[in-house]
Structure formats: C-alpha cells, structure tokens
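What follows is each chain in one-letter form.
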Amino acid sequence: MPPVVKTSAAFLQLHNDAPTEQFVVSASTPIAGAVELHMHLHDNGVMRMRQIPHIHMPPGENVALEPGGLHIMLFDLKGTLREG
Ligand SMILES: [Cu+2]
C-alpha cells in the first residue's frame, strides 16, 4: 500500500485449537497508533463497519478475517504494510 495511507485493515485466518470457545478481545501492533476489532454490516444497501467488543471463536474452528467481514482495523499508521 502507498505510504501516504494512514488507515488500513489486517486480514488473516484464525484457528481455535482449544476444546472450548475462545474470544479475541484486542489486538495491537507498533505500526499503528490505534487498533480496533471491526465487522462489516449491510445497512440499507450500504456497507458499513463498526467496532465490536470481541471475535468469537468456536472450539476447533477456523475464523476468517477477510474483506467484507471481520477485520482488524489499523489507524494512524506509522509505516508501510506488507503482506505477511
Ligand atoms: Cu474497519
């Protein structure tokens, strides 16, 4: 992404190896000034996103953070992001 962009999102696959449900309640990275857990929702045909308190992970399952769904929102970026 271009270095002038100050807001972006992280997409990844999560897997819950535990036999019980788990919750991701926060995320952090030194490259962003603020990090929030987000979801997308359709509101009268308009795609919006909003902050959520946690990401629920059922036991033994994968949870995809992907465009149009759950994601980790990165604000006030201090550098350029690269895949991986
Ligand atoms: Cu977002």
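Residues numbered from 1 in each chain as written. Predicted model: local features only at pLDDT ≥ 70, side-chain atom pairs only at ≥ 80, totals over all residues.

K.L.:
Mind showing me how you'd approach the overall build of the protein here?
P.N.:
Counting its regular elements, the protein contains 0 helices and 8 strands. Considering only C-alpha atoms, the protein reaches an extent of 45 × 35 × 20 Å along its principal axes. For the protein, buried positions account for 7% of its 84 residues. Sequence-distant contacts in the protein: of pairs separated by 6 or more residues, those separated by 24 or more amount to 72%. (Helix = DSSP H or I, 4+ residues; strand = E, 2+ residues; numbered from the N terminus. Buried ≥ 20, exposed ≤ 12 C-beta atoms within 10 Å, placed from the backbone. Contact = placed C-beta atoms within 7 Å.)

K.L.:
Would you mind showing me how to read unusual backbone geometry here?
P.N.:
Negative phi is the rule for most residues except glycine; trans is the rule for most peptide bonds. Positive phi outside glycine occurs at N44, with the angle close to 55 degrees. Looking at the secondary structure, you find N44 in the loop between strand 4 (32-43) and strand 5 (46-51). Of note, D76 is a non-glycine position whose phi angle comes to about 55 degrees, a positive value. Following the sequence through the fold, D76 ends up in strand 8 (residues 71-77).

Keep in mind these values describe shape, not function.
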